[in-house]
Every structure is written in structure tokens, then in C-alpha cells.
Amino acid sequence: MHNIKALPFDFKFDGQTIALIVIDMQRDFAEPGGFGASLGNDVSRIGTIVPTVKKLIEGFRQAQLSVIHTMECHLPDLSDCPPAKRNRGSPTLRIGDVGPMGRVLIAGEPGTAIISELAPLPNEVVIKKPGKGAFYATRLDDELKLHGITHLVFAGVTTEVCVQTTMREANDRGYDCLLAEDATESYFAEFKTAAIDMIRAQSAIVGWTATTDEILKGINNV
Ligand code: TIU
């Protein structure tokens, strides 16, 4: 049994049953002219976690543990994009519109790509997801079961939207979930703090949280 120093108490797991899920570290959320910016957000906060996410990914790779990446995106014909999602509010660009990084949040466009420093390796699973949660309308649960994964570490953006939604989906499916506090970010500092607090409240009602350094210590020697 391995151990990661976490809150609200230690996170325990058996060797190869743990995987890292990196949520939506895409240019569309981190760079001007993308989806995040179209919603009126200051996207500069997102880039600050890139070195920490990279460190976490490299730690999992060195320990020969699975790294799974997700991308929020839609098919070019928008057949997997609910009109309610596309039409909501008054963004400067809607999903599928042509912006400075190509069509916003459309698979294969430059803006939808994962930030180059965090690019997946050819052997790593990449889950394209049409929703905020990574389990909705994807093969993620099947992939995890196929590899005997029961414990998940989460990083990525944004903390209270896609990361928290996916953690809640995973928790309801019976996975033990741990959020890397310093490898996740939000457009809103107070929402990140609140999400971390609500995830680990009530005896880890949704999951645990820990720093990247503690996670790397815990996965060493797996
Ligand atoms: N807008 C926002 O905070 N997030 C998203 O739309 N998607 C993800 O969190 N990936």
C-alpha cells in the first residue's frame, strides 16, 4: 500500500492502480483569442501552472504510471455540441466560430491543441470530450477499467468547471480522486479555493487534495 500526504487525510493506493488525468490544458483556455477569452476571462492565470503540471506528468511517466489527457472539443459539424451550450450568453466568439487560433473548440484546430510543453506522448490516452465532465459521452470509464485503475490524480483547468465536474463523475463511479492543488487553476482565484475546500470537506466527500511535491513523493517506488 502506498501513501500520499493529503487533506483531509492520507490518500492510500496499491501500486499500478493509480493514473494521472490532465484536464483540458489547451490553448483555447490559456491563450488570448480562444474559448476562455471569448467568455470575457483573463486567461493569464492558466499559464502559471504549466511548469507544475509538466513536473507532475514527468513524475508519472518516470514511475511508469498512466497519464491520460483530456480535450474539450467538438466535431466540425457541431453534431456533438448541444445548441444550449453554443448559444448561451454573449461571447465574443461562439463554439465553431473562426478566431485567431482557428475554429473555437473544434477538434483539430490550432487553438484546441494541448499546450506544446504538455503535449501527450504517442502511447498516452487522449480523451476528446464534448462536455465539462470527462466521463460524459466518452470511453474514459472503459479505458480506466481496462487498465485496472481505481485511483485518480487530477490536474488541469478550470478547477471549478471541468476538473471538479470530472472529479464528481469519477467519485460517483467509485474512483478515489485526488486533486493536485498547485497543478490546477481557475480564472477566479476565489472559485479555485472554494472548489478545493468543498472537494475535501465532509471527510473527502468528493476527494482529496495534495501538493504536487507530496504526490510525486507518494508515487515514487510504486
Ligand atoms: N469556462 C471554464 O471555466 N471552463 C470551461 O469552459 N472548460 C473547462 O474547464 N475545461
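This text follows the structure it describes.
Residues numbered from 1 in each chain as written. Predicted model: local features only at pLDDT ≥ 70, side-chain atom pairs only at ≥ 80, totals over all residues. Heavy atoms only, no water.

1. What about the environment of Val-50?
In this fold, Val-50 is placed in helix H4 (residues 50-62). You can call Val-50 buried: its relative accessible area is 8%. Taking the C-alpha atoms as reference points, Val-50 and Thr-184, 134 residues apart in sequence, are found 9.2 Å from one another. Beyond its immediate sequence surroundings of up to four residues, Val-50 is in contact with Met-25, Ile-115, Glu-117 and Leu-118. (Helix = DSSP H or I, 4+ residues; strand = E, 2+ residues; numbered from the N terminus. Buried < 20%, exposed > 50% of the residue type's maximum accessible area, 1.4 Å probe, protein only. Contact = heavy atoms within 4.5 Å.)

2. Description of the sheet that holds strand S4 (residues 66-72)
Taken in spatial order, the six strands of this open sheet run S7-S4-S3-S8-S9-S10, and their pairing is parallel. The sheet is open, and its two borders are formed by strand S7 (125-129) and strand S10 (208-210), each paired with just one other strand. In this sheet, neighbouring strand axes are inclined to one another by 25° on average, regardless of whether the strands run parallel or antiparallel. Relative to strand S8 (residues 151-157), strand S3 (residues 18-23) runs parallel, the two sharing six bridges. Considered in S8, the bridge of Leu-20 is made with Val-153. Sheet strands touched by H4: S3, S4, S8 and strand S9 (176-185). Its angle to S3, the strand with the most contacts, is close to 150°. Docked against the sheet, helix H9 (residues 212-219) engages S8, S9 and S10, running at close to 135° with respect to S9. (Pairing = 2+ DSSP bridges. Axes fitted to C-alpha atoms, helices over the stretch in contact; angles between N-to-C directions.)

3. Thoughts on the site of the ligand
Around the ligand, the structure places Asp-24, Phe-29, Phe-35, Leu-39, Glu-72, Lys-132, Val-157, Thr-158, Val-161, Cys-162 and Tyr-187. Lys-132 is positioned such that a nitrogen or oxygen atom in its side chain is 2.8 Å from an oxygen atom of the ligand. Interatomic distance of 2.8 Å between a side-chain N/O atom of Thr-158 and an oxygen atom of the ligand. Coverage of the ligand by the protein amounts to 93% of the 280 Å² it exposes when considered alone. Looking at side-chain class alone, the shell around the ligand contains seven nonpolar, one polar and three charged residues. (Near = heavy atom within 4 Å. Polar contact = N/O pair within 3.5 Å; in protein donor to acceptor, adjacent residues only side chain to side chain. Areas by Shrake-Rupley, 256 points an atom, 1.4 Å probe, with all protein chains shown as cover. Nonpolar A, V, L, I, M, F, W, Y, C, P; charged D, E, K, R; others polar.)

4. Thoughts on unusual backbone geometry
Omega for the peptide link from Leu-7 to Pro-8 comes to 5°, which places this bond in the cis form. Note that Pro-8 resides in the loop between strand S1 (2-4) and strand S2 (11-13). Residue Thr-158 is reached from Val-157 by a cis peptide bond, and omega for that bond is -20°. Tracing the chain through its elements places Thr-158 in the loop between S8 and helix H7 (159-172). With a phi close to 60°, Leu-105 is a non-glycine residue in the positive phi region. Summarising the element assignment, Leu-105 is placed in the loop between strand S6 (102-103) and S7.

5. Details of the nonpolar core
Counting 47 residues, the largest nonpolar core has Ile-4, Leu-20, Met-25, Leu-56, Phe-60, Leu-178 and Ile-215 as its most contacted members. Not counting residues up to four positions away in its chain, the partners in contact with Met-25 are Ile-49, Val-50, Val-53, Thr-70, Ala-113, Ile-114, Ile-115, Leu-118, Gly-156 and Val-157. Core analysis: the next-biggest nonpolar cluster, separate from the first, contains 23 residues, Ile-23, Leu-152, Cys-177 and Leu-179 among them. (Core = buried A, V, L, I, M, F, W, Y, C linked by side-chain atoms within 4.5 Å.)

6. Details of the packing of aromatic side chains
This model, assessed by the stated rule, comprises six aromatic pairs. Between Phe-11 and Phe-13, the ring centres sit 6.4 Å apart and the planes meet at 40°, which makes this aromatic pair tilted. Each member of the pair, Phe-11 together with Phe-13, is buried. Taken together, the aromatic side chains of Phe-9, Phe-11, Phe-13 and Trp-208 make up a single cluster linked through ring pairs. (Phe/Tyr/Trp six-rings, centres within 6.5 Å; stacked < 30°, edge-to-face > 60°.)

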